[in-house]
Structure formats: structure tokens, C-alpha cells
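What follows is each chain in one-letter form.
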Amino acid sequence: MKALGLLEVYSFTTAVTAADICAKSGGVKVIAFDRNRPKSADAPAPLVMVVKIEGDVADVRAAIDAGKQYAEEQGKYIVSHIIPRPGETVEKMAYLMDINKDKFNKVLPKSFLGVKDVALPDSKCVGLLEVEGLVASIEGLDAMVKAADVRIIHTEKRLGGRLVTLVVTGKVDAC
């Protein structure tokens, strides 16, 4: 690994969107996500997420800057850091993944070390709905699948206690 970039933000949706922005900035690969609960009840979201990326130092720096800018615009940025030439132990830890496995996603590995790209089947778009409470998420999912040709591919329910995030896929106009 030439460089490791870490971007810490509040909320699952912010993390996924920032990761997408980082990946699209070019020359980097998103390698994992970590999550934790914030210390303060006054935090803007009940979840802290870390996006982990790898690539050349300059590419990682540009990608982290792009993701940071988005997170700052959302009021969800915490901290970021770039580690050039991380040591072997740090590199192994960087690939560890802490995302909820559920009935929609049983193949997600615990570590992405040595894993090739994971592609979504036949999709052009990913949509995320992050709401407070399970009932609101079920109502939201019902509305999404009735309004457009989308299907659920992942849920996150252990997001600091009150947030539920639904991930759907479909064509861009459907999402």
C-alpha cells in the first residue's frame, strides 16, 4: 500500500456518499468502513463512520480533500488523515470491515485484504434512505418500492441506536 487515507464523518449515508466522491476523484480504491458511536449525545448523528481508501499519496490526498469538502458541507466532518507507506500491521488493520451483515448481504467479508472489486448486480445507481426508527424505515422502504423499480440490497440497523439506513439499487431515474 502506497498510502492510506482515513476520513471520519457522522452518519452512514454521509460516509457512503463521501466514499463515492473519493472513489470518483480517481486513482484510489475504497477498501473498508469502520463505525463507532460518538461520545457526546450532542453529536449531529448517533454514528461515527471512517472511510478507508488506498492509492498513491497524491491521489489519496485529493480524494480525501474531495470527501472532506462534501462532509463539511453536510456539517458531518470530524477528522481526516493520510498515512504514506503504512506499516504492515496498519495495512492489515486498514482492510478490516465493520459493516452489519444482514439477510440481504451475506457475502460481505470481514476483511477486504486480497478481495477484488465487489460489483452490484445489474445496477446503475445506489439509493440510501437514513431515518430515525425502524417503523419509519419500513414505511420509507414501502414507499420506495411502490414508487419505483428498485430493490433493497442492504440495511444498517445498528447505527448508534436510533438510525436505520436502507440501501436500494436500480436505474438512476428509479433511485
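The coordinates are above.
Residues numbered from 1 in each chain as written. Predicted model: local features only at pLDDT ≥ 70, side-chain atom pairs only at ≥ 80, totals over all residues. Heavy atoms only, no water.

## Some words on unusual backbone geometry
Part 1 of the reasoning: Of note in the backbone geometry, Ser11 takes a positive phi value of approximately 90 degrees without being a glycine.
Part 2 of the reasoning: Turning to its location among the elements, Ser11 is positioned in the loop between strand 1 (3–10) and helix 1 (12–24).
Part 3 of the reasoning: Here Ser11 falls in the buried class, since its relative accessible area comes to 1%.
Part 4 of the reasoning: Here Arg85, not a glycine, exhibits a phi torsion of approximately 45 degrees, which is positive.
Part 5 of the reasoning: In this fold, Arg85 is placed in the loop between strand 4 (77–84) and helix 3 (88–94). (Helix = DSSP H or I, 4+ residues; strand = E, 2+ residues; numbered from the N terminus. Buried < 20%, exposed > 50% of the residue type's maximum accessible area, 1.4 Å probe, protein only.)

## Focus on the pattern of salt bridges
Part 1 of the reasoning: Scanning the model with the defined rule gives five salt bridges in all.
Part 2 of the reasoning: Salt-bridge contacts for Asp20 lead to Lys24; the nearest nitrogen and oxygen are separated by 2.9 Å. Pair noted here: Asp20 and Lys24 are both in helix 1, with a separation of four residues, about one helical turn.
Part 3 of the reasoning: The class for Lys24 is exposed, based on a relative accessible area of 65%. (Salt bridge = Lys/Arg side-chain N within 4 Å of Asp/Glu carboxyl O.)

## So, the sheet that holds strand 4
Part 1 of the reasoning: Pairing is antiparallel across the open sheet formed by four strands, whose spatial order is 2-3-1-4. The open sheet is flanked by strand 2 (28–36) and strand 4, the only strands paired with a single partner. Direction aside, neighbouring strands of the sheet carry axes that sit 15 degrees apart on average.
Part 2 of the reasoning: Sheet topology note: the strand 1/strand 3 (residues 48–55) ladder contains eight bridges and is antiparallel. Counted as the bridge partner of Ala3 is Gly55 from strand 3.
Part 3 of the reasoning: Each of strand 1, strand 2, strand 3 and strand 4 is contacted by helix 2 (residues 57–73), which is oriented at about 5 degrees to strand 1, the strand it contacts most. (Pairing = 2+ DSSP bridges. Axes fitted to C-alpha atoms, helices over the stretch in contact; angles between N-to-C directions. Contact = heavy atoms within 4.5 Å.)

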